[in-house]
Amino acid sequence: MKPLLVVPLILALAACTTPPKPSGFLTSYEGLTPRKNTLRAKLSERQDAEALKAVKTVRIEPTRIHPSAQADWLSEEERALLLREADAQLCFELSERYDIAKEGQGDARVRAAVTQVEGTGRVASAASAAAGFFIPGPLGLRAPGSLGALAAEAEMLTPDGRQLAAITWARAATAVGTDDPSLSRIGDALQFLEPFADDAAKAMSPPKTKSRKIPDPDPCAEYGPRFRAAGWATGKVTGLYVPEVNSAKPPEEPPKEAPPQK
């Protein structure tokens, strides 16, 4: 496929992603406006730019899966993996703009929910990865049956519940593009959490806010490294997105109490 023909095709495929209906998760949907000049995702957002200037520290609440997602098909392991990665990516992105506060603290709190998940087809993904070895190039080719999707919503609230910013977001994998196929049913959804968190953090930051140096120690260290070298290397070798080496580190289990001595 000639490069000049690929770009229009990508644009056409990206346009097929339609914004999901409001799930009811956000405290308010008033004032949400579609963001212009977006290529891959469909999103609407609002922000109180002046009020956001006063926010210095934020507390991130655990992400949840909203009932509107109809995600009963997810296993407990898949659900935990998806939510953990959402929390990690929100922490990574917001910590480049704000100090991350502990529970019960902060100038504002951020809450998010997955509102739609469409599974990635394993068999078609494997075929796509295999084809990648024979059709090299900067843009991957995906079999239609392999394409998953994700939709999510997030908002920033003051301690008394006033909405400072909000975003609704949706993205679907495309047959031509940079989304890696995966043997995991949530492979695409996991990959999309990083761009979702990036867009959410932008919506929750005053205009022209620049990313800052990551604090030391890293406030998001519990999720593992921000750059996952093993995942990058695995993708280069296999052509697949592998959650085990690309996702956030699972939470540490509390130490077990020693049995009482007799």
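Placed above this text is the structure.
What you see is a predicted model; the values in this text were computed from it and never measured. (Residues numbered from 1 in each chain as written. Predicted model: local features only at pLDDT ≥ 70, side-chain atom pairs only at ≥ 80, totals over all residues. Heavy atoms only, no water.)

Visitor: Please explain the pairing of strand 9 (residues 163–172) as it appears in this structure.
Guide: Sheet faces and side chains relate simply in a regular strand, where the side chains alternate between the two faces. Among the 10 residues of strand 9, nine are classified as buried, and the element is accordingly described as predominantly covered. As defined by bridge partners, strand 2 (residues 42–47) adjoins strand 9 across six bridges and the pair is classed as antiparallel. From the neighbouring strand, Arg 46 faces strand 9, where its bridge partner is Ala 166. Looking at chain direction, strand 8 (residues 149–157) and strand 9 are connected through nine bridges and run antiparallel. Along strand 9, the bridge assignment pairs Leu 150 with Arg 171. (Buried < 20%, exposed > 50% of the residue type's maximum accessible area, 1.4 Å probe, protein only. Helix = DSSP H or I, 4+ residues; strand = E, 2+ residues; numbered from the N terminus. Pairing = 2+ DSSP bridges.)

Visitor: Looking at this structure, I do not really get the packing of aromatic side chains. What am I missing?
Guide: In this description, an aromatic ring pair is defined by two values, namely the gap between the centres and the angle between the planes. All chains considered together, the criterion is met by two aromatic pairs. On the numbers, 6.5 Å between centres and 90° between planes, the contact of Phe 92 with Tyr 223 is edge-to-face. Highlighted residues: Phe 92 in helix 3 (residues 76–94) and Tyr 223 in the loop between helix 5 (187–203) and helix 6 (229–238), separated in sequence by 131 residues. Each member of the pair Phe 92 and Tyr 223 is classed as buried. Consider the rings of Trp 169 and Phe 196, whose centres lie 5.7 Å apart with planes at 65°: the pair is edge-to-face. Here the residue Trp 169 occupies a position in strand 9, and Phe 196 occupies one in helix 5, the gap between them amounting to 27 residues. Per residue, the accessibility class of Trp 169 equals that of Phe 196, and both read buried. (Phe/Tyr/Trp six-rings, centres within 6.5 Å; stacked < 30°, edge-to-face > 60°.)

Visitor: Sorry if this is basic, but what is going on with helix 3 here?
Guide: Along an α-helix, residues three or four apart share an orientation, since each turn contains 3.6 residues. Spanning 19 residues, helix 3 covers 27 Å between terminal C-alpha atoms, matching the ideal 27 Å at 1.5 Å per step. The element helix 3 is largely enclosed, with a buried count of 14 among its 19 residues. (Expected span 1.5 Å × (residues − 1).)

Visitor: What should I look at first to understand helix 5 in this one?
Guide: Between its first and last C-alpha atoms helix 5 spans 25 Å; for 17 residues at 1.5 Å apiece the expected length is 24 Å, and the two agree. Bending of helix 5 peaks at approximately 30° at the position of Leu 193, with proline Pro 195 no more than four residues after it. Along helix 5, 15 of the 17 residues are buried, which leaves the element largely enclosed by surrounding structure. (Bend = angle between axes of the 7 residues up to and from the residue.)

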